[in-house]
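What follows is each chain in one-letter form.
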Amino acid sequence: MSKVDLAQFHKAFHEESLDGLDAMEQALLALDEGSDDPELINVVFRAAHSIKGGAATFGFTDVAAFTHVAENLMDEVRSGRRPMEKAVVELLLRSGDTVRDMLSLSMAGQPAATAESQALLAELSAMVSGGSAAPVAAAKAAAPAETVEGWDITFRPFDYLLKTGNDPARMFRELGALGPLRVECDPSKLPSLADMDASSSYLGWSLHLDAGAKRAAVEGVFDWVDGDCELNLAPRIAAPAPASAPVAAPAAPAAPRAVRDPAANSEASSVRVGIEKIDTLINLVGELVITQSMLSQFQDGVDESQLEMLRDGLAQLGRHTRELQESVMSIRMLPISTVFNRFPRLVRDLAQKLDKKVVLDLRGETTELDKTVLEKIGDPLVHLVRNAIDHGLEVPAKRLAAGKGDTGTLRMEAFHRGGAIVVEVADDGAGLNREAIVAKAVQRGIIASGDGMSDDAVAELIFEAGFSTAAATTDLSGRGVGMDVVRRNVMDLGGTVAIRSTHGSGTTFTITLPLTLAIIDGLTAAVAEETYIVPLVSIVESVQVQPDSVRSVVGGGELFRFRDQWLPIVRLFDVFGCEGKRPPVDEGIVIVVEGEGTRIGLFVDELIGQQQAVVKSLEANYRRVAGVSGATILADGSVALIVDVAGLVRMQARRKAA
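Conventions used here
- Each chain has its residues counted from 1, running along the sequence as written.
- The predicted nature of this model means local features are confined to residues of pLDDT at least 70 and side-chain atom pairs, given and counted, to a pLDDT of 80 or more, with totals for whole chains, interfaces and linings taken over all residues.
- In computing side-chain values, all of the structure's heavy atoms are included and hydrogens and water are not.
- What counts as a helix is a DSSP run of H or I of at least four residues, what counts as a strand is a run of E of at least two, and both are numbered from the N terminus.
- Counting of polar contacts relies on pairs of N or O atoms within 3.5 Å, with two restrictions inside protein: one atom must be capable of donating a hydrogen and the other of accepting it, and residues adjacent in sequence are counted only when both atoms are side-chain atoms.
- Expected helix span is computed as 1.5 Å times (number of residues minus one).
- Stacked, edge-to-face and tilted labels apply to pairs of Phe, Tyr and Trp rings (six-membered ring for Trp) whose centres lie within 6.5 Å, assigned for plane angles under 30 degrees, over 60, and everything in between, in that order.
- Geometrically, a lysine NZ or arginine CZ counts as sitting over a ring once it is within 6 Å of the ring centre and also within 35 degrees of the ring normal.
- Patch criteria: residues need more than 30% relative accessible area and no salt bridge. Like-charged residues are merged within 9 Å; nonpolar side chains of Val, Leu, Ile, Met, Phe, Trp and Tyr are merged within 5 Å.
- Computed with the Shrake-Rupley method and a 1.4 Å probe, the accessible areas treat only the protein chains shown as cover for residues.
- Salt bridges, as used here, are contacts in which a Lys or Arg side-chain nitrogen is within 4 Å of a carboxyl oxygen on Asp or Glu.
- For the exposure calls, accessible area comes from a 1.4 Å probe over protein chains only, and a residue counts as buried if that area is under 20% of its type's maximum, exposed if over 50%, partly exposed in between.
- One bridge is not enough; two strands pair if DSSP finds at least two bridges between them.
- Think of a nonpolar core as a cluster: buried Ala, Val, Leu, Ile, Met, Phe, Trp, Tyr and Cys residues, connected wherever their side-chain atoms sit within 4.5 Å.
- What makes two residues a contact is simply this: any of their non-hydrogen atoms within 4.5 Å.

Visitor: Before we go on, may I ask you to explain the side chain of arginine 399 in this structure?
Guide: Here arginine 399 shows up in helix α14 (residues 396-401). Engagement of the side chain of arginine 399 in a polar contact is seen with the side chain of glutamate 394, the distance being 2.9 Å.

Visitor: Hey, could you run me through helix α4 (residues 86-107) in this one?
Guide: An α-helical turn contains 3.6 residues, so a residue and the one three or four places further along point in the same direction. With 22 residues, α4 ought to run about 32 Å at 1.5 Å a step, and its terminal C-alpha atoms sit 32 Å apart, in line with that. Count one or two residues on from α4 and you reach glycine 109, which has phi positive near 80 degrees.

Visitor: How should the packing of aromatic side chains be read in this particular structure?
Guide: The description of an aromatic ring pair uses the distance of the two centres, along with the angle that the planes make with each other. By the definition in use, this model includes eight aromatic pairs. Residues phenylalanine 13 and phenylalanine 58 carry aromatic rings whose centres are separated by 5.4 Å and whose planes lie at 50 degrees to one another, so their mutual orientation is tilted. Placement of the pair is phenylalanine 13 in helix α1 (residues 10-32) and phenylalanine 58 in the loop between α2 (38-57) and α3 (61-78), with a sequence separation of 45 residues. Summarising the aromatic geometry, the rings of phenylalanine 560 and phenylalanine 562 are spaced 6.4 Å apart at their centres and angled 55 degrees between planes, so their arrangement reads as tilted. Three or more aromatic residues link up through ring pairs in this structure, and these residues are Phe13, Phe58 and Phe60. Taking NZ or CZ as reference, arginine 487 lies 4.1 Å from the ring centre of phenylalanine 463, over its face. Against the face of phenylalanine 603 rests arginine 571, its NZ or CZ located 4.7 Å from the ring centre.

Visitor: Please explain a nonpolar patch on the surface as it appears in this structure.
Guide: On the surface, a cluster of nonpolar side chains totalling about 390 Å² of accessible area is made up of Val271, Val273, Ile275, Ile278 and Ile282. When its relative accessible area of 31% is taken as the criterion, valine 271 is described as partly exposed.

Visitor: What is the right way to read the pairing of strand β22 (residues 639-643) from this model?
Guide: Strand residues, when the strand is regular, have side chains that alternate between the two faces of the sheet. Bridge count between strand β13 (residues 530-535) and β22: two bridges; the pairing is parallel. What sits directly across from tyrosine 532, in β22, is leucine 641. Of the strand pairs in this sheet, strand β21 (residues 628-633) and β22 are connected by five bridges, and their pairing is antiparallel. Bridged to threonine 632 within β22 is alanine 640.

Visitor: Explanation requested: unusual backbone geometry in the structure shown.
Guide: Most of the time, phi is negative for any residue but glycine, and the peptide bond is trans. One non-glycine residue with positive phi stands out, namely alanine 528, at about 55 degrees. Along the chain, alanine 528 turns up in the loop between β12 (519-527) and β13. Of the residues examined, alanine 528 reaches a relative accessible area of 23% and is grouped as partly exposed. The phi torsion at arginine 563 lies on the positive side, around 55 degrees, for a residue other than glycine. Accessibility expressed as a relative area gives 55% for arginine 563, which makes it exposed.

Visitor: Just to check I follow, could you spell out the nonpolar core for this structure?
Guide: One recurring pattern in soluble globular proteins: nonpolar side chains tend to sit buried together. Ranked by size, the top nonpolar core spans 48 residues in total, and within it Leu381, Val385, Val423, Ile511 and Leu513 carry the most contacts. Examining the composition of this core, we find that nine residues originate from one element, helix α13 (residues 371-392), more than from any other. The residues touching valine 385, leaving out its near neighbours within four places in the chain, are Phe343, Leu346, Val347, Leu410, Met412 and Val425. Counting residues in each nonpolar core, the second largest holds 42 residues, with Leu31, Ala65, Val99 and Ala216 among its members.

Shown next, in the form of structure tokens:
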């Protein structure tokens, strides 16, 4: 029988482990808030148990040894021998973060055990062995430390062990990875050849490991045969050191981790799909095959009596193609809860760090969004949540003084609106400080004064690069690199971000995103002999401009009057170097578009119509082209470029600055 390559399952194990850690974290947070549901404890135990078993199977021994101790701690809680106190929750939350790091290192082919993970393992072991981690650690520091120099192990499988799929040789190899190993076989129970069953186990072994491996690591080797064998582990203790000899310092407790970034490790290269979606896809493919079979009878020609049947077949083909497109697109749609669920931990840790009381209100978690958008929206949301807790929500004393409750509310909500997805992050804190924002903007030379500026215009200033009104820089905020990153990332996704703030009542950020990046709704426009697609989400209006409403500016630029604004005209003919006759302004159409908060007018020869465009990456198939976000295939087989509105806005800004 050929040997199975377990490496092919590593990726699935990694993703399942991350799901288990997410479930474990949610259960721990619920327990931390006072829930007494015993099922939550089982969820945490099962997550640790599954990760330990999988890690041992795939040879990630450090991960298995670590989660084995965490599992033992949860077993004490589950059996009622230890209360689920806050110290246990805190230690297990930190353990979950460490296991994430260890899994990432393992998947990268690097040693999973680090100084931090070993220090935390020592805390876990101390808590399992005694009351709390700190007292036990102190007791160990006071007593002379015992040094394990090896292990003597007796191992005799029950006769059915081989039928469970376990292989003693595999366990011996795993044990040998911990240090030099001597193996002695005990054949005393071996029957005669006539009475022997090839599928039964009759042998026993004495194993001598000449290395001071930790008990958890040795026990981890035999996890999968627990209850299926006779097993005895006896540590060999080294002779105590002389009293005058220096005593090794006990392991230092793990340093407190920084607040975990919930956006980290958020990108995955696979997606899990419900079986009902797969069934729908298979049914639609079956319908397409039937339609194809029906149409194939016309490949040799069509007479007049068959025209009606041909029309029906083509209509059926069009209907099934649309349904197939919708079905395939739905596979990429995932609930936004996959992003939202990472924030309770962040909010809890930030609130503790800043001595604030915060309630997180999550709404619309089932709203579905394209997988690519979901993976990229994490960073902007982290910035908004950090800012809301650090700058928006007040400490309890200030809230009480302002006549509010001592606990602030942070609401994250997702919902559909007009064919797009809206994500709101709102707090009931102090709101934006208009005077401080105006003063900082004047100091930096962004504006001359705030006189006459509306509150919305002042609020927009916080999206300027490097803008911050914080008096001091902390590890959470104050460097002014947050809000401009939020706007840029959202713009890169083809979305917009708006802000609404009321002094004393709070601030609401509204992010509007397209449902998917794979297919866009666009306006098809002709420029000379070329065709371009302008995304509908960026279009404000299309107008025909008269020559008397156009002004030339120094440097060759043009402006036109659009309501109460003068907007620059960007001729796509010139931007993309099209060949042919350059039409006068009154013979074409100006498409008013908005990108990165700025409006410009795109001048094209004519509008052809509106259509959905399947986005093809130009960068992957050719190279990056300024002002172009991708390409698509038109119905006649020709290629049309998709206009990058934000890129054209930046190009226009650079031209203006030059």
